[in-house]
Amino acid sequence: MTCPDYVDLMMAYLDDELDCEQKKVFEEHLASCPVCRGELEEFKRLNRITDEVKFVEPEERIWNLYWSGVYNRIERGVGWILFSISAILLLIYGGFKAIEELIKDPTVDIILKAALLALIAGLAILLVSVLREKLYFWKKDRYKDVRR
Amino acid sequence: MYIKLKSQCKVTALNLKKNFGSWEKLNGFCTDEAIAIKQSRRGSAKAFEPIVRKYMKQAYFIALGLVGNHEDALDLSQEAFFRAYSKINQLNPKRNFFPWFYQILKNLCFSHLRKTSRHHQQNLEEVDEAQVANSTPSRFDPYAIAERNEVEERVWTAIGQLNEKHREMIVLRHFQNLSYEEIAQILLCTRGTVMSRLYNARKKLKELLDK
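Only a predicted model underlies this, so the values are computations on that prediction, with no experimental measurement involved. (Residues numbered from 1 in each chain as written. Chains lettered and ligands numbered in written order. Predicted model: local features only at pLDDT ≥ 70, side-chain atom pairs only at ≥ 80, totals over all residues. Heavy atoms only, no water.)

(A) Just the overall build of chain A, in detail. When helices and strands are counted, chain A shows 5 helices and 0 strands. N-terminal to C-terminal, the α/β element order of chain A is α-α-α-α-α. The globule rule puts the C-alpha radius of gyration for 148 residues at 15 Å, and the 34 Å found for chain A is more than 25% above it. Principal axes of the C-alpha set define a box for chain A whose edges measure 100 × 45 × 25 Å. Taken over 148 residues, chain A has a buried fraction of 26%. Long-range contacts, defined here as pairs at least 24 residues apart, represent 30% of the contacts in chain A between residues at least 6 apart. As displayed, chain A has an accessible area near 10800 Å², and 65% of this comes from carbon and sulfur atoms. (Helix = DSSP H or I, 4+ residues; strand = E, 2+ residues; numbered from the N terminus. Rg over C-alpha atoms; globule rule 2.2 N^0.38 Å. Buried < 20%, exposed > 50% of the residue type's maximum accessible area, 1.4 Å probe, protein only. Contact = heavy atoms within 4.5 Å. Areas by Shrake-Rupley, 256 points an atom, 1.4 Å probe, with all protein chains shown as cover.)

In structure tokens:
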């Protein structure tokens, strides 16, 4: 084994994650390798420095209010879904009614009616096309059932 | 604004682990947690509360280590819990909650960092390029994370300059005090990968501190 092979063992040795046998193997290498000894000392120095770091703990009030912060988001999430669905339904219904009125109105110019119908047909084609594309890619997606 | 605790970071992390405990049982799945998740799946937001209370400190401190300031850490960790609740049906019932949740939290933190870093770089377009390259990400505030101390400020500034993978390794090992097995579980990799990533992360941190 060369020194790079001992790199992983060095980390585990430093963090006391080696079993007795691995520890013995690494210590034998360490006794004969001044480069690894030096590097290990450097990493020990780094650990001593990071050990000195102290976190600033938020005050208790933050923890007491933490759940309500999450709950408010959940509640708002449900609110947004309901709002969006009802807004879409109302828009579709209102739009349908307005178009119906317009088409039935004999005073409205026939060109305007034709343009409106063409606009609706165009939007419908675009919508169907996008949905079909999404459905196609969803069916082909090999990772859609992957769960972590 | 904050109470500055004198206990060392590692002691905090050990206490956190003692309090939260369950996910470290790698092969056992806590029954209470399983029940809470089952009820959350049925749409009970209240059932999700014990899970949030159990992991909130751990989530907050991980986010703090990754994004580097209190407000963002609090906001992102709460957002991660909200997203976890919304996607709870995607959690495999046989898997522990925390490793799955960690993926959501990590992705949120890193995408937030990328967004703020882009914004920061745009604001600094007229500043010297080398200065931008050596700067810590926007809003990464060493004073907000650690007590005012020259060594600590240097450590956090250096951590702020690490790339995502290296920073993640340093935060999980040095500041959350997780074992290799636990790190491997939440990063969805092998123990060997943890060791080599940790070596590279520590080497980079050492270089930055020696600068």
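Picking up where we left off.
(B) Spatial organisation of the overall build of chain B. If you tally the helices and strands in chain B, you get 11 helices and 0 strands. Written out in order from the N terminus, the α and β elements of chain B read α-α-α-α-α-α-α-α-α-α-α. The long-range share in chain B, meaning contacts at least 24 apart out of those at least 6 apart in sequence, stands at 68%. For chain B, the accessible area works out to roughly 9900 Å², and carbon and sulfur atoms hold 48% of it.

(C) Highlighting the interface of chain B and chain A. If you look at the interface, chain B gives 66 residues, while chain A gives 38 residues. On the surface where chain B and chain A come into contact, there are 9 salt bridges. Note that E79 of chain B and R73 of chain A form a salt bridge whose closest N and O atoms lie 2.7 Å from each other. For the interface between chain B and chain A, the tally reads 15 residue pairs in polar contact (both at pLDDT 80 or more). For the side of chain B that touches chain A, the secondary-structure elements that each account for two or more residues are α1 (9-20), α3 (49-67), α4 (70-86), α5 (97-123), α7 (142-145), α8 (150-161), α9 (164-175) and α11 (191-210) of chain B. When residues of the side of chain B that touches chain A are assigned to their parent elements, the largest contribution, 12 residues, is made by α11 of chain B. For the side of chain B that touches chain A, a count of residues per class yields 34 nonpolar, 14 polar and 18 charged. (Salt bridge = Lys/Arg side-chain N within 4 Å of Asp/Glu carboxyl O. Polar contact = N/O pair within 3.5 Å; in protein donor to acceptor, adjacent residues only side chain to side chain. Nonpolar A, V, L, I, M, F, W, Y, C, P; charged D, E, K, R; others polar.)

(D) Spatial organisation of the packing of helix α2 (residues 31-41) of chain B against α3 of chain B. Residue and element names in this part refer to chain B. Their axes nearest at 9 Å, the elements α2 and α3 cross at an angle of 125 degrees. Taken together, the axes of α2 and α3 lie oblique to each other. Between α2, through E33, A36 and I37, and α3, the contact on the second element is made entirely by I51, K54 and Y55. (Axes fitted to C-alpha atoms, helices over the stretch in contact; angles between N-to-C directions. Parallel < 35°, antiparallel > 145°, perpendicular 65-115°, else oblique.)

(E) Structural view of the nonpolar core. One finds F48, F81, F97 and F101 of chain B to be the most contacted residues of the largest nonpolar core, which totals 86 residues. Top element by residues in this core is α3 of chain B. It accounts for 12 residues. Domain assignment of the residues forming this core places at least three in each of domain 1 (1-135) and domain 2 (138-211) of chain B. When neighbours within four sequence positions are excluded, F81 of chain B is seen to be in contact with Y66 and V70 of chain A together with F48, I51, V52, Y55, M56, A59, F97 and F101 of chain B. (Core = buried A, V, L, I, M, F, W, Y, C linked by side-chain atoms within 4.5 Å. Domains from an automatic or database assignment.)

Read these as spatial facts, not as claims about activity.
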